[in-house]
Amino acid sequence: MKTLIKNATIVNHDGIIKSNIIIEGENIAEISNAIPQADAVIDASGKLVFPGLIDMHVHFRDPGQEYKDDIVSGSRAAVAGGVTTCMPMANTNPVNDNAYITSAMIAKAKECGLIDLLPIAAITKSLKGNEVTEMGDLVSAGAVAFSDDGLPVTSSSVMRAALEYSNMFGSFCISHSEDCSLCRGGVMHEGKVSAILGLRGMAREKEEISVSRDMLLAKLTGGHIHIAHVSSAYSLKIIEMAKKDGIRITCEATPHHFTFSDEEILRNAYDTNFKMSPPLREISDVKAVRDGLKSGLIDVIATDHAPHHSDEKIVEFDKAPFGIIGLQTLVPLTLRLVNEGVISLEQMSALTSYNPAKIIKATNKGKIAAGMLADIAIIDPDIEYIYDEKVNRSKSLNSPLFGKKIKGSAVKTLKNGRVVFDFAEFGI
């Protein structure tokens, strides 16, 4: 089948051009001003055409907690957000710590047929932090990285071994950076706002200590460490120093950490949709994250899409679980950075597609060019809508943006040359 996307404003990491995209089968055949005969024609006038977004950090709760989300609903939310590749974390039930579960997750996603699902397997068996998983078997089954996300790997010896073994198999480890001995049962950032609200706080140093340790272990082993959901200004200073010294370290930031501060909890009367881990920090930290995105210090924007049932969130702030959904708000919140002059459209393309593809060594993703997979997000930066039940494709509703007007969305998403999402299906 031949598909023509005409009048496209193509946004790659290295430039923006206006041209037509000719797709044959699953791949991009040509970028050209020609208008050939095609089986399907999509007019992208007035839209931005990005390579399909790659989300390096999601939780689909499948297997084990499918009432929150599963691979099918997660995939539907992903493509509605312009995301064509997702990397789900291993803290499922049972834990994704063996080749059978990895293979089953990939098979379910293939049957659904909406996204490429690239599992992140556990670093340690059962996430207990004691014994490294069979990384070779997991890589052979399709795992692309390793993380105990949701929990830190407390033992430096175990984390050293994980970095050494993952490096042997051409993979890497993702750190949930947290020194649990400093958490003290905290539920938000430790600072002025937590004192005003009377909520137990968590010092930012709990993240910074863990980032420091894992950076040093990457230095020792030569392995690649990726810091998940960085939220602290000083963590970014550590990462910057490590990069200057040639240590193999990359990092990601989430939309909620570059959009919201801990003051939202004060303004929104203990709304548990602002409860996440790591917690929303002070305005100075938000600025540091935004500066890190602007400078290129931060490599990736990832959502940490973390669905929870409404009954679990409509409780006292202390008792609510950490996490919010984010796949369908990735585009509007990142476009807000563009509109505010923090990053360019090219940087947005790098942060959401090109850099993730480079990190996971996906040579056929991350750029709109001849020969690449036809994974494409056609984005309308000006469309405005209410993010509500009509729009939401996750099983869960735990977003601080739910029920609010937002601007910008994928209006068509193509996976392997096939339209897998059309904004018209929202009926608004």
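Residues numbered from 1 in each chain as written. Predicted model: local features only at pLDDT ≥ 70, side-chain atom pairs only at ≥ 80, totals over all residues. Heavy atoms only, no water.

## Let's talk about helix α1 (residues 71–80)
Count 3.6 residues to each turn of an α-helix, and residues three or four apart come out pointing the same way. Extensive coverage of α1 is indicated by the burial of eight of its 10 residues. Turning to α1, its buried residues number three or more, namely Ile 71, Ser 73, Gly 74, Ser 75, Ala 77, Ala 78, Val 79 and Ala 80. Those residues of α1 hidden inside the fold are in contact with β7 (83–88), α2 (99–112), β8 (116–117), β18 (405–415) and β19 (418–422). Regarding α1, its N-cap is Asp 70, as a side-chain oxygen of that residue lies 3.0 Å from the backbone nitrogen of Val 72 further along. A positive phi of about 80° marks Gly 82, the residue just after α1. (Buried < 20%, exposed > 50% of the residue type's maximum accessible area, 1.4 Å probe, protein only. Helix = DSSP H or I, 4+ residues; strand = E, 2+ residues; numbered from the N terminus. Contact = heavy atoms within 4.5 Å. Polar contact = N/O pair within 3.5 Å; in protein donor to acceptor, adjacent residues only side chain to side chain.)

## Description of unusual backbone geometry
Residue Pro 94 is reached from Asn 93 by a cis peptide bond, and omega for that bond is 5°. Examined against the element boundaries, Pro 94 turns out to sit in the loop between β7 and α2. In this model, Ser 277 is joined to Pro 278 through a cis peptide bond whose omega is 0°. Assignment of secondary structure puts Pro 278 in the loop between α9 (263–267) and α10 (283–295). Even without being glycine, Ala 269 reaches a positive phi, approximately 50°.

## So, the sheet that holds strand β6 (residues 53–58)
Taken together, three strands build an open sheet; the order of strands is β6-β7-β8 and the sheet is parallel. Looking along the sheet, the strands with just one partner apiece sit at the ends: β6 and β8. Examined bridge by bridge, β7 and β8 share two bridges and lie parallel to one another. Bridging across to β8, Thr 85 finds its partner in Asp 116. (Pairing = 2+ DSSP bridges.)

## Section: the side chain of Gln 328
Tracing the chain through its elements places Gln 328 in the loop between α11 (310–313) and α12 (330–339). Note on Gln 328: relative accessible area 6%, which makes it buried. There is a polar contact of 2.8 Å between the side chain of Gln 328 and the backbone oxygen of Val 391.

## Let's talk about the packing of helix α4 (residues 156–168) against helix α6 (residues 205–221)
Put simply, α4 and α6 touch, their axes get as near as 10 Å, and they point 50° apart. Looking at the two axes, α4 sits oblique to α6. Crossing of α4 over α6 shows right-handed handedness. Every residue of α6 that contacts α4 at Ser 156, Met 159, Arg 160, Leu 163, Glu 164 and Asn 167 is listed here: Arg 213, Asp 214, Leu 217, Ala 218, Leu 220 and Thr 221. For the contact of α4 with α6, a count of residues per class yields five nonpolar, three polar and four charged. (Axes fitted to C-alpha atoms, helices over the stretch in contact; angles between N-to-C directions. Parallel < 35°, antiparallel > 145°, perpendicular 65-115°, else oblique. Left-handed = near helix turned anticlockwise from the far one by under 90°. Nonpolar A, V, L, I, M, F, W, Y, C, P; charged D, E, K, R; others polar.)

## Some thoughts on α4
Between its first and last C-alpha, α4 extends 18 Å over 13 residues, near the 18 Å set by a 1.5 Å rise per residue. All buried positions along α4 are accounted for by Val 158, Met 159, Ala 161, Ala 162, Leu 163 and Ser 166. Tucked inside the fold, the buried residues of α4 contact α3 (135–141), β10 (145–146), β11 (173–175), α6 and β14 (225–227). With a side-chain oxygen lying 3.3 Å from the backbone nitrogen of Ser 157, the N-terminal cap of α4 falls on Ser 155. Within two residues after α4, Gly 170 carries a phi angle of roughly 70°, on the positive side. (Expected span 1.5 Å × (residues − 1).)

## Describing the UniProt feature "binding site: Zn(2+) 2" (unreviewed entry) in the protein
Listed under "binding site: Zn(2+) 2" (unreviewed entry) in the UniProt record, and renumbered for this structure, are Asp 149, His 176 and His 229. Across 81 residues of sequence, these annotated residues stay compact in space, with a maximum C-alpha separation of 10.3 Å. With respect to the helices and strands, His 176 occurs in the loop between β11 and β12 (188–189). What makes His 176 buried here is its relative accessible area of 6%. (UniProt positions renumbered as here; feature names shortened; annotations may be inferred.)

## Brief notes about a nonpolar patch on the surface
A cluster of nonpolar residues, Tyr 165, Met 168 and Phe 169, forms a patch on the protein surface that exposes about 340 Å² of accessible area. Looking at the element boundaries, Phe 169 is found in the loop between α4 and β11. (Patch = residues over 30% accessible without salt bridge, like charges linked within 9 Å, V, L, I, M, F, W, Y side chains within 5 Å. Areas by Shrake-Rupley, 256 points an atom, 1.4 Å probe, with all protein chains shown as cover. Salt bridge = Lys/Arg side-chain N within 4 Å of Asp/Glu carboxyl O.)

## Some thoughts on the pattern of salt bridges
Taken as a whole, this structure holds 27 salt bridges when the rule is applied. In this structure, Lys 206 engages Glu 178 in a salt bridge whose closest nitrogen and oxygen atoms are separated by 2.8 Å. Highlighted residues: Lys 206 in helix α6 and Glu 178 in the loop between β11 and β12, separated in sequence by 28 residues. Measuring nitrogen to oxygen at the nearest pair gives 3.9 Å for the salt bridge that ties Lys 244 to Glu 240. With a gap of four residues between them, Lys 244 and Glu 240 both fall in helix α7 (residues 233–244), about one helical turn apart. Since its relative accessible area comes to 67%, Lys 244 is described here as exposed. Members of the salt-bridge network, linked through shared partners, are Asp 116, Lys 365, Asp 375 and Lys 415.

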